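Overview (structure and organization)
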Amino acid sequence: MMDETFDNLWEEFVKKEFSSLKKRKYKHFDYPITFSKKVFSNYSLFRDLFTDKFKQAFKSKQIFDRGYYPFIHYIKYSPKFRNKKDGSRVKSFKKRHIYYSSHLDSIRLSWFALILGFCYEQKLSRSKFSNSVKAYRKFDDKLNNVDFAIEAFQEIATRENCVAVCLDISKFFDNIPHKKLKKKWLEVINYEFSQYDELPQNQYTAFKVMTNFHFVEKDVINDVFYYKNKFGSDNLKYCSHSDFRDFVIGTGMIQKNHLLEKQKGIPQGAPISAILSNIVMIDFDKSLFEKAEEVGGKYYRYSDDILLIINENDKEKVKSFVSERIEELGFKLNDKKERVVHFKKLNSKVKSFSSENKESRLQYLGLEFDGEDVFIRSSTLSRYHGKMKKGIKRAYSIFKGKNGKGDKIFKSKLHKLYTNSTSNNFIKYAHNIVNNETILNTNKAKNQISARYKKLNERIND
């Protein structure tokens, strides 16, 4: 790697990691990395973290000679709401498998993610399909999901008569093919630096960590070290090195990638997972962009969500092409999540319909579009409303109970939690809608936001 490029990437890495270290206080098999004067067992290794000495360690193999700890795994459940034909709402949960790495491993994998991200962006910047890939990227003008959704909606509004085909790749991270990933990894770094016949040893080690990954269940590790962590003095990591050897390794607690025999799957949640998922899709993105362009359409992909905006006559041909390409890569489409929305200009207005010719909005990246108006997705509002109700109930018991801190603090705290964009992701998302400069009508979405603010004040004042 050229020294100048390395130095520039290193400066970016230092800036990012310095801010991230303050947030990485989770418990794992090693201590959180710190700059405090308290000497942890690994403090001597990290006291010169952002010095030339550590920089040289990253250039060499020194820092990578240390083994990687297993990931810790847990399942994250996110509520989902579905409208039934009778008008009632059904609540279910979306399940995601999350794996998070130890503190040192996070730094090492973050460094590789930065290198690969740089090379990937260089490659895409010289391609025609760069604008088609939306997820896990850095855009110079700091675009976000609202911008991506509005861009697609504006494309539809301009065309007036078209079809939006929404497809979902089933179990995306679980099915990423290892051979293809290794090939594209090498291709991406060689595109910028052109010097490797095989992956460098330290990057190959990271590749093996991500494909032949090992993990421990969070619930199990919590149970095994419950008394030690509850009554001991060390709440910063799960166990000592000897306990890790005796109780984690020695008792067979560590599991491995269940799909390793099929040569597929990487852990979702690692610092490098996102960029790897984009790298493995390069050929697919190129072929889908070219197919959409061939029929005068548009192609967008956000992680495992595919959106095609095409003419009605090309729908079946393009869907068949997507199925063939996705199966060649080793993935499958989730037929249950397929959505087709037809847009037609009727009486000077663009309207949206399902394949059954019923009124139906296009749902994309948390927003909805009916051909004229932009809405916030109902499930997004429901999740926010549910969190708000629970938060108010919890805050009520704290601030207005027997040992409460008073009504004034109670109200100010809730307003900060549920109307401040710096402390609430939904409000930040809502502000992006309000501030988005678009030719589309976003008044309906703004009214939805105002209604939620009103509901919050009503609940606070009850």
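It should be noted that the structure appears before, not after, this text.
A short tour of the structure in this document, coming up. Because the structure is a prediction, the values reported are computed rather than measured.

Turning to the overall build of the chain, a few remarks are in order. From N to C terminus, the chain includes 17 helices and twelve strands. Taking all contacts inside the chain whose residues are at least 6 apart in sequence as the whole, residues at least 24 apart take part in 69%. Total accessible area computed for the chain in this model is approximately 25,000 Å², and 47% of it derives from carbon and sulfur atoms.

Of all the seven residues making up strand E3 (residues 162-168), seven are buried; the element is thus mostly covered by neighbouring parts of the structure. Burial along E3 is two-sided: Cys162, Ala164, Cys166 and Asp168 facing one way and Val163, Val165 and Leu167 facing the other are all buried. In this sheet, strand E8 (residues 339-346) lies alongside E3 in antiparallel orientation, the contact comprising five bridges. Bridging across to E8, Cys166 finds its partner in Arg339.

With that settled, the discussion passes to the nonpolar core. Of all hydrophobic cores here, the largest spans 66 residues; its most connected members are Ile272 and Leu308. In terms of residue count, the dominant contributor to this core is helix H4 (residues 103-125) (eleven residues). Ignoring anything within four residues of it in the chain, the contact list for Leu308 reads Val163, Ala164, Val165, Leu167, Leu288, Ala292, Lys298, Tyr299, Val318 and Val322. Formed by 33 residues, the second largest nonpolar core is a distinct cluster that contains Ala164, Val341, Tyr364 and Leu440.

On to helix H12 (residues 282-294), then. When the terminal C-alpha atoms of H12 are compared, their 18 Å separation across 13 residues agrees well with the 18 Å that a helix rising 1.5 Å per residue should span. Those residues of H12 that sit buried are Ile282, Phe284, Asp285, Ser287, Leu288, Phe289, Lys291 and Ala292. Once H12 ends, the next one or two residues include Gly296, with phi positive near 75°.

To continue, consider the packing of aromatic side chains. This structure, assessed with the given rule, holds 20 aromatic pairs. Both rings, one in Phe29 and one in Tyr238, keep their centres 6.1 Å apart while their planes meet at 50°; by these two values the pair is tilted. Taken together, the residues Phe29 in the loop between helix H1 (3-21) and helix H2 (43-46) and Tyr238 in the loop between helix H9 (226-231) and helix H10 (241-249) connect sequence positions 209 residues apart. The exposure class assigned to Tyr238 is buried, which follows from its relative accessible area of 3%. Aromatic side chains Phe71 and Phe213 sit 6.4 Å apart centroid to centroid with 85° between the ring planes, which places their arrangement in the edge-to-face category.

Read across the sheet, five strands follow the order E6-E7-E3-E8-E9 without closing on themselves; strand pairing throughout is antiparallel. Among the strands making up the open sheet, the edge pair consists of strand E6 (298-302) and strand E9 (349-353). In this sheet, neighbouring strand axes are inclined to one another by 15° on average, regardless of whether the strands run parallel or antiparallel. Bridge count between E3 and strand E7 (residues 305-310): six bridges; the pairing is antiparallel. For Cys166, the partnering residue across the bridge sits in E7 and is Leu307. In the packing of H12 onto the sheet, the strands contacted are E6 and E7, and the crossing angle to E6 comes to about 155°.

Criteria and cut-off values
Residues numbered from 1 in each chain as written. Predicted model: local features only at pLDDT ≥ 70, side-chain atom pairs only at ≥ 80, totals over all residues. Heavy atoms only, no water. Helix = DSSP H or I, 4+ residues; strand = E, 2+ residues; numbered from the N terminus. Contact = heavy atoms within 4.5 Å. Areas by Shrake-Rupley, 256 points an atom, 1.4 Å probe, with all protein chains shown as cover. Buried < 20%, exposed > 50% of the residue type's maximum accessible area, 1.4 Å probe, protein only. Pairing = 2+ DSSP bridges. Core = buried A, V, L, I, M, F, W, Y, C linked by side-chain atoms within 4.5 Å. Expected span 1.5 Å × (residues − 1). Phe/Tyr/Trp six-rings, centres within 6.5 Å; stacked < 30°, edge-to-face > 60°. Axes fitted to C-alpha atoms, helices over the stretch in contact; angles between N-to-C directions.

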